[in-house]
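Letter by letter, the chains look like this.
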Amino acid sequence: MCPEDNILSINRNIFGNIFGNILNLLFAVPMCFYIFSISSDYTNVVLTYIVAFLKPIKILNISLLIVAYTAYKGLQSLSKANEYIGYLIILLIIMSAAALKHGDIKNLQPVLQTPFKDILKTTLSSIYFFSGTESLLLYCNKAKNKDSIRKSSFIGLLISSIIWVWIILITIYYLGIDIIPKCKWSFILVFESINLPIINNFRYVFMFQWVLMCLRIISNYYYFASFTISDVFKLNRKKVCIYMYLPCLYISYKLTNLFLRKKLIDFLSPVFLVFNVSLLILISIITFIRNKKHAKPMQKSPKEELK
């Protein structure tokens, strides 16, 4: 209905500058939180599997410098990074299929016999991993072909969902439900099933790809947060990227505590979901009513006027 506007300008048009900008800042809060939570989890994995001799603050320092620079370069550079690293994700999924030789179909059974209550409970706990799609509303007005926005968005959602479901299925198929709860990052163990003569340990190949994917995701949220903050306060976006660096470094370091991070994710994820869905439904209803009121009636032809 508003192809030339993004969610930030629509909020101001509907709710006014003050309240609209408050809603815009609240819309940016989840994106800031994802920077902190993903960065902290990324740091813990890197410490465990790659550079255990380094301190967390050093890993965060270097990683966030890369993230801030990528976001600083702008949407076009960020888009290219997403595209190229996206190919690595496809390659990763293809390689994980090697676990089909070593798994057991019994690990997936019984299928569709879980009570609906338990399915709903696990669905709510996975909200965090499916979040972030709402960021499309920040820059959809920049698309050249606006007629394909809806189609492209649904294709992106479909691909993301297929990847997520595949990762869950192949991990359960290979490890079983008894081993998974004992592993913090169980999908990494799936790549232990890959044996190549020229590579002693395929885990390091996976970790290289995984690090790039994590940096890509954090860079996206860093850009979205800086874009929103600069839009609300009328600041230069590149300067906001610089100002955000130290707060992001400090909070991400504090969240390297796995227990605290999990508590925050379990509490905040449903709150973010309710806020975003409620806001978008309200905006859609108001915009629909406004467009209906301002719609011009179709002019009748001279013949219809005579009749």
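The numbers attached to residues start from 1 for each chain and follow its sequence in the written order. Totals for whole chains, interfaces and linings use all residues, but because this is a predicted model, local features are given only for residues with pLDDT of at least 70 and pairs of side-chain atoms are given and counted only at 80 or more. Each side-chain value is derived from all of the structure's non-hydrogen atoms; neither hydrogens nor water enter the calculation.

A. Inspection of the overall build of the chain at higher detail. Helix and strand labels come from DSSP, where a helix needs a run of H or I of at least four residues and a strand needs a run of E of at least two; each type is numbered from the N terminus. Tallying secondary structure elements over the chain gives 12 helices and zero strands in all. Each helix and strand of the chain, placed in order from N terminus to C terminus, yields the pattern α-α-α-α-α-α-α-α-α-α-α-α. Seen along its three principal axes, the alpha-carbon backbone of the chain occupies a region of about 85 × 50 × 40 Å. Scored against the burial criterion, the 307 residues of the chain give a buried share of 39%. What makes two residues a contact is simply this: any of their non-hydrogen atoms within 4.5 Å. Taking the intrachain contacts of the chain between residues at least 6 apart in sequence as the baseline, contacts between residues at least 24 apart amount to 77%. Relative accessibility thresholds used throughout: buried, under 20% of the residue-type maximum; exposed, over 50%; partly exposed, between the two (1.4 Å probe, protein chains only).

B. Just the environment of Phe-288, in detail. Here Phe-288 shows up in helix α11 (residues 258–294). The partly exposed category is assigned to Phe-288, whose relative accessible area is 47%. Expressed as a C-alpha distance, the spacing of Phe-288 and Met-1, which sit 287 residues apart in the sequence, is 7.8 Å.

C. Layout of the layout of surface pockets. Taken as a whole, the second largest pocket holds about 1200 Å³ of empty space. Buriedness of a pocket was judged along seven lines, with at least five required to meet protein on both sides within 12 Å; pockets are open sets of points on a 1 Å grid over the protein atoms alone, cavities are sets where a 1.4 Å probe fits but cannot get out, and lining residues have an atom within 4 Å of a point. Together, 34 residues line the second largest pocket, and Leu-137, Cys-140, Ile-149, Leu-280 and Ser-284 are the ones closest to its centre. Looking at the lining of the second largest pocket, the elements that each hand over two or more residues are α1 (7–15), α6 (127–130), α7 (149–175) and α11. Looking at which element gives the most residues to the lining of the second largest pocket, the answer is α11, with 10 residues. Grid points are joined across faces, edges and corners, and a volume is the space filled by probe spheres set on the points.

D. Highlighting unusual backbone geometry. Even without a glycine there, the phi angle at Lys-234 is positive, about 55 degrees. Here Lys-234 lies in the loop between α9 (203–233) and α10 (237–254).

E. A look at the nonpolar core. Formed by 69 residues in total, the largest nonpolar core has its most connected members in Ile-35, Trp-210 and Tyr-222. Those residues in contact with Ile-35 that lie beyond four places of it in its chain are Ile-218, Tyr-221, Tyr-222, Ala-225, Met-244, Cys-248 and Ser-252. Throughout this description, the term nonpolar core refers to a set of buried Ala, Val, Leu, Ile, Met, Phe, Trp, Tyr and Cys residues connected via side-chain atoms within 4.5 Å.

F. Region of interest: the pattern of salt bridges. Just to be clear on terms, a salt bridge is a Lys or Arg side-chain nitrogen sitting within 4 Å of an Asp or Glu carboxyl oxygen. Going through the model one piece at a time under the given rule, you end up with four salt bridges. Between Arg-12 and Asp-231 there is a salt bridge, with the nearest N and O atoms lying 2.7 Å from each other. Taken together, the residues span a long stretch of sequence, with Arg-12 in helix α1 and Asp-231 in helix α9 at a distance of 219 residues. For Asp-231, a relative accessible area of 19% corresponds to the buried category.

G. Local environment of α7. Helix length check: α7 (27 residues) gives 39 Å between terminal C-alpha atoms against 39 Å at 1.5 Å per residue, within 8%. Buried residues of α7: Ile-167, Ile-170, Thr-171, Tyr-173 and Leu-175, and no others. In this structure, the buried side of α7 is in contact with α4 (75–96) and α8 (187–190). One or two steps after α7, the chain reaches Gly-176, where phi turns positive at roughly 90 degrees. A helix's residues, less one, multiplied by 1.5 Å, set its expected span.

H. Geometry of a nonpolar patch on the surface. Taken together, the side chains of Met-1, Leu-273, Val-277, Ile-281, Ile-285, Phe-288 and Ile-289 present a nonpolar region at the surface, about 660 Å² in accessible area. Residue position: Met-1 is located in the segment before α1. Think of a patch as exposed residues, more than 30% relative accessible area, with no salt bridge, where like charges cluster within 9 Å and nonpolar side chains (Val, Leu, Ile, Met, Phe, Trp, Tyr) cluster within 5 Å. Per-residue and other accessible areas were derived by the Shrake-Rupley procedure at a 1.4 Å probe size, with only the shown protein chains allowed to occlude residues.

I. Just the side chain of Asn-44, in detail. Within the secondary structure, Asn-44 is located in helix α2 (residues 17–49). Overall, Asn-44 belongs to the buried group, its relative accessible area being 12%. What Asn-44 contacts, discounting residues up to four positions off in sequence, is Trp-185, Thr-256 and Leu-258.

J. The arrangement of helix α3 (residues 56–72) in detail. With 17 residues, α3 should cover 24 Å at 1.5 Å per step; its first-to-last C-alpha distance of 24 Å lies within 8% of that length. Structurally, α3 contributes buried residues whose contacts are with α2, α4, α9 and α10. Directly beyond the C-terminal end of α3, a positive phi value near 110 degrees is found at Gly-74.

Note that every value here comes from positions in space, so none of it alone points to a role or purpose.
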